[in-house]
Amino acid sequence: MVTNDNLPEVSFLQRYGYAIKAFIIGVLTLVLMIPTALIMGLIEEREQVQDRATAEVSSKWADAQTITGPVLVVPYTTVNTQDNKEIVRYACFLPDKLSIKGSLQPETRKRGIYEVAVYNSHLQVKGSFAAPDLSSLGISASSLHWKEAFLTLGVSDMRGIGYQTAQWNGQDFVFNPGTPPGGLLESGIQAKVPLAVSTDTSSVNTTLGNFSLLLTMRGSGKMYFSPVGKTTQVELQASWPSPSFDGAFLPESRTVNDSGFSASWQVLHLNRNFPQSWTIGDKYKIHDADFGVNLFLPVDGYLKSTRAIKYAILIIGLTFLLFYFIELLQHYPVHPLQYILIGIALCIFYTLLIALAEQLSFNVAYAIAALLTLGLVTVYARSVFRKNGTALAVGGTLLTLYGFIYVIIQSEDQALLMGSLGLFIILAIVMYFSRKIKWESLGKTV
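Bear in mind that the values here come from a model prediction, so they are computed numbers and not experimental data. (Residues numbered from 1 in each chain as written. Predicted model: local features only at pLDDT ≥ 70, side-chain atom pairs only at ≥ 80, totals over all residues. Heavy atoms only, no water.)

Participant: An account of the overall build of the protein is requested, with residue identities and associated values reported.
Facilitator: In terms of regular secondary structure, the protein is built from eight helices and 17 strands. The burial tally for the protein puts 43% of its 446 residues in the buried class. A sequence separation of at least 24 residues applies to 76% of the contacts in the protein between residues at least 6 apart. (Helix = DSSP H or I, 4+ residues; strand = E, 2+ residues; numbered from the N terminus. Buried < 20%, exposed > 50% of the residue type's maximum accessible area, 1.4 Å probe, protein only. Contact = heavy atoms within 4.5 Å.)

What follows is the structure, given as structure tokens:
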């Protein structure tokens, strides 16, 4: 027997049951953001595994290479003002002209499911050193030990050095491992060069010497150069169709096609923030001006998966809203547990996407993951609403949503514009169909 005390409670549920259901669906949508956050963590973990695989391959081949120099280092004698003893210091002179012509022979190495871009390079380095302006350094010509001068070339990873030949004013000389004291270069090679300069500054020639180096070198991913010349010209080519030009300077001209790329740079000493000569001890950030190329691997599954998962709340929220509208219009009650199952299926889409993108291209992985998820939710909608037309409407809506997200992911530069317009259109559609719901009669007792 129903008492009068129970009537207000029943009336409340009948009047506001649809609103309570909408609130529950909203809470479920927010709760399902927890697994999407965990999937974001999974992406970061897989990226770390990829980085470790790249580092392991690079450690056995050679890391990214940066070529700095050559730099002419000349010792000189000065007097210590504290004890009046002579000490030896070093002056550094950068080339007046520096020309580098190189070619890369790239290839890919695999570590598990991950690919790493490595290369062999052939570099021809030419240039000349002009007579330095010693007055700017406060050094007298008589204090310089020209016969003890040496030429040094910075190489970021010595493991990659292969065959090399060198000439100074037409004479052959041999490099040895080592760098000048004072921390000018972290690693590299050096060799004494035959300089014969008079202590009389008036007899110093306008050119100290010309150099020509031929190097073969291995590296991974990147090849960078430091613009140490008063005029630095670099020409580089490779059979790699997807280069990324990085660093402080972009190439003045470049050609990129399916067969490879070619690029050329020209940098003047006025474009960088360090002088043509200084004494070791002065600190200049030479590598802030480095430039070069990155052999970019078009494996962007993790990046695009991250961008896709940021729209998870849109997919889950609109799918739940669609089921809620169908529930109100066709009077087919959907249990909250069924909403949870649908939400889990939508979350599994992202794990499928990540796993497939590691094995296939992102586009193929996205298509397969979307079709599998779409098929699963469509079949489940058929079992819930028992109407083929309704199930097809759910499938068509999901197909549109996944297609919309895919277009946004691919159009990185226009993502904000397209996303804003898309959301506006979606809101307009939702508002249009909500007109068909007789909200005033939802709370009336049947």
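Structure's up, so let's keep going.
Participant: Lay out a nonpolar patch on the surface in plain terms, naming residues and giving numbers.
Facilitator: A cluster of nonpolar residues, Ile-20, Phe-23, Ile-24, Val-27, Val-31, Ile-34 and Leu-38, forms a patch on the protein surface that exposes about 640 Å² of accessible area. It is helix α1 (residues 7–31) that provides the largest number of residues to the nonpolar patch, a total of five residues. Residue placement: Ile-20 occurs in helix α1. (Patch = residues over 30% accessible without salt bridge, like charges linked within 9 Å, V, L, I, M, F, W, Y side chains within 5 Å. Areas by Shrake-Rupley, 256 points an atom, 1.4 Å probe, with all protein chains shown as cover. Salt bridge = Lys/Arg side-chain N within 4 Å of Asp/Glu carboxyl O.)

Participant: I'd like a description of the packing of aromatic side chains, backed by residues and values.
Facilitator: Scanning the model with the defined rule gives 20 aromatic pairs in all. Seen in terms of ring centroids, Phe-245 and Phe-261 are 5.8 Å apart; in terms of plane orientation they differ by 80 degrees. Their pairing is edge-to-face. You can see Phe-245 sitting in strand β13 (residues 243–247) and its partner Phe-261 sitting in strand β15 (residues 260–268), a full 16 residues away along the chain. If you follow Arg-218 out to its NZ or CZ, it ends over the ring of Trp-61, 4.7 Å from the centre. (Phe/Tyr/Trp six-rings, centres within 6.5 Å; stacked < 30°, edge-to-face > 60°. Lys NZ or Arg CZ within 6 Å of the ring centre and 35° of its normal.)

Participant: So what's going on with the packing of helix α6 (residues 362–385) against helix α7 (residues 388–410)? Residues and values would help.
Facilitator: Here α6 crosses α7 at 155 degrees, and the two axes come no closer than 8 Å. It follows from the interaxial angle that α6 and α7 lie roughly antiparallel. In the packing of α6 onto α7, the handedness of the crossing is right-handed. Listed contacts from α7 to Phe-362, Asn-363, Tyr-366, Ala-370, Thr-373, Leu-374, Val-377, Thr-378, Ala-381, Arg-382 and Phe-385 of α6 are Asn-388, Thr-390, Ala-391, Val-394, Gly-395, Leu-398, Leu-399, Tyr-402, Ile-405, Tyr-406, Ile-409 and Gln-410. Class assignment of the residues belonging to the contact of α6 with α7 gives a composition of 15 nonpolar, seven polar and one charged. (Axes fitted to C-alpha atoms, helices over the stretch in contact; angles between N-to-C directions. Parallel < 35°, antiparallel > 145°, perpendicular 65-115°, else oblique. Left-handed = near helix turned anticlockwise from the far one by under 90°. Nonpolar A, V, L, I, M, F, W, Y, C, P; charged D, E, K, R; others polar.)

Participant: Describe in detail the pairing of strand β11 (residues 222–226), supporting the description with residues and values.
Facilitator: For a regular strand, side chains alternate in direction, first toward one face of the sheet and then toward the other. A large share of β11 lies buried, amounting to four of its five residues. One ladder, built from four bridges, connects strand β1 (residues 65–79) with β11; its direction is parallel. In the strand pairing of β11, Thr-68 is matched with Ser-226. Relative to strand β17 (residues 291–295), β11 runs antiparallel, the two being bridged by four bridges. By the bridge assignment for β17, Tyr-224 is matched with Gly-292. (Pairing = 2+ DSSP bridges.)

Participant: So what's going on with the nonpolar core? Residues and values would help.
Facilitator: Nonpolar side chains in soluble globular proteins tend to be buried together. By size, the foremost hydrophobic cluster in this structure holds 66 residues, and its most contacted members are Leu-72, Phe-173, Leu-184, Met-223 and Phe-225. In terms of residue count, the dominant contributor to this core is β1 (six residues). Non-local contacts of Phe-173, meaning those with residues more than four positions away in its chain, are made with Leu-151, Ala-166, Gln-167, Trp-168, Ala-191, Lys-192, Val-193 and Leu-213. Membership of the second largest hydrophobic core comes to 52 residues, among which are Phe-323, Val-334, Tyr-402 and Ile-405. (Core = buried A, V, L, I, M, F, W, Y, C linked by side-chain atoms within 4.5 Å.)

Participant: Tell me what's going on with the confidence of the model for the protein, and back it up with residues and numbers.
Facilitator: Low-pLDDT portions of the prediction should not be read for the details of their coordinates. Put simply, the protein has an average pLDDT of 83, and 89% of its residues get 70 or more. Contacts for the low-pLDDT stretch residues 1–10, under 50 throughout, to residues beyond four places or in other chains number one contact. Here residues 198–205 is modelled with pLDDT under 50, and outside its nearest four sequence neighbours on either side it reaches eight contacts, counting other chains as well. (pLDDT = per-residue confidence, 0-100.)

Participant: Help me get a handle on helix α2 (residues 33–60), residues and values and all.
Facilitator: Across its 28 residues, α2 extends 41 Å between first and last C-alpha, which sits within 8% of the 40 Å expected from 1.5 Å per residue. Among all positions in α2, only Thr-36, Ile-39, Ile-43, Gln-50, Ala-53, Val-57 and Ser-58 are buried. Packed against the buried residues of α2 are β3 (97–111), β4 (114–130), β10 (207–220), α3 (301–309), α4 (312–330) and α5 (336–359). (Expected span 1.5 Å × (residues − 1).)

Participant: I'd love a proper account of the pattern of salt bridges, names of residues and values included.
Facilitator: Considering all chains together, one arrives at four salt bridges under this definition. Here the residues in one salt-bridge network are Asp-63, Asp-157 and Arg-159, joined through shared partners.

Participant: Residues and numbers for the pairing of strand β6 (residues 161–168), please.
Facilitator: Sheet analysis places β6 next to β10, joined by six bridges and oriented antiparallel. Counted as the bridge partner of Ile-161 is Met-217 from β10. Bridge analysis of β6 against strand β7 (residues 171–173) gives three bridges, and the strand direction is antiparallel. Across the sheet, the residue bridging to Ala-166 is Phe-173, located in β7.

Participant: Go over the sheet that holds strand β14 (residues 253–257) with me, naming the residues and quoting the values.
Facilitator: Strand order in the open sheet made by the eight strands is β7-β6-β10-β4-β3-β12-β15-β14, with mixed pairing throughout. At either end of the open sheet lies a strand with only one pairing partner, and these are β7 and β14. Direction aside, the axes of adjacent strands within the sheet are offset by 15 degrees on average.

Participant: Can you explain the side chain of Asp-246? Please cite residues and give values.
Facilitator: Secondary-structure assignment places Asp-246 in strand β13. Among the polar contacts listed, one links the side chain of Asp-246 to the side chain of Ser-244, at a separation of 3.0 Å. Those residues within four positions of Asp-246 in sequence are excluded, and the remaining contacts are Tyr-224, Phe-291, Gly-292 and Asn-294. (Polar contact = N/O pair within 3.5 Å; in protein donor to acceptor, adjacent residues only side chain to side chain.)

Participant: If you had to explain α3 to someone new, which residues and values would you point to?
Facilitator: Burial of α3 is extensive: eight of the nine residues sit out of reach of the surface. Where α3 is concerned, the buried positions are Gly-301, Tyr-302, Lys-304, Ser-305, Thr-306, Arg-307, Ala-308 and Ile-309.

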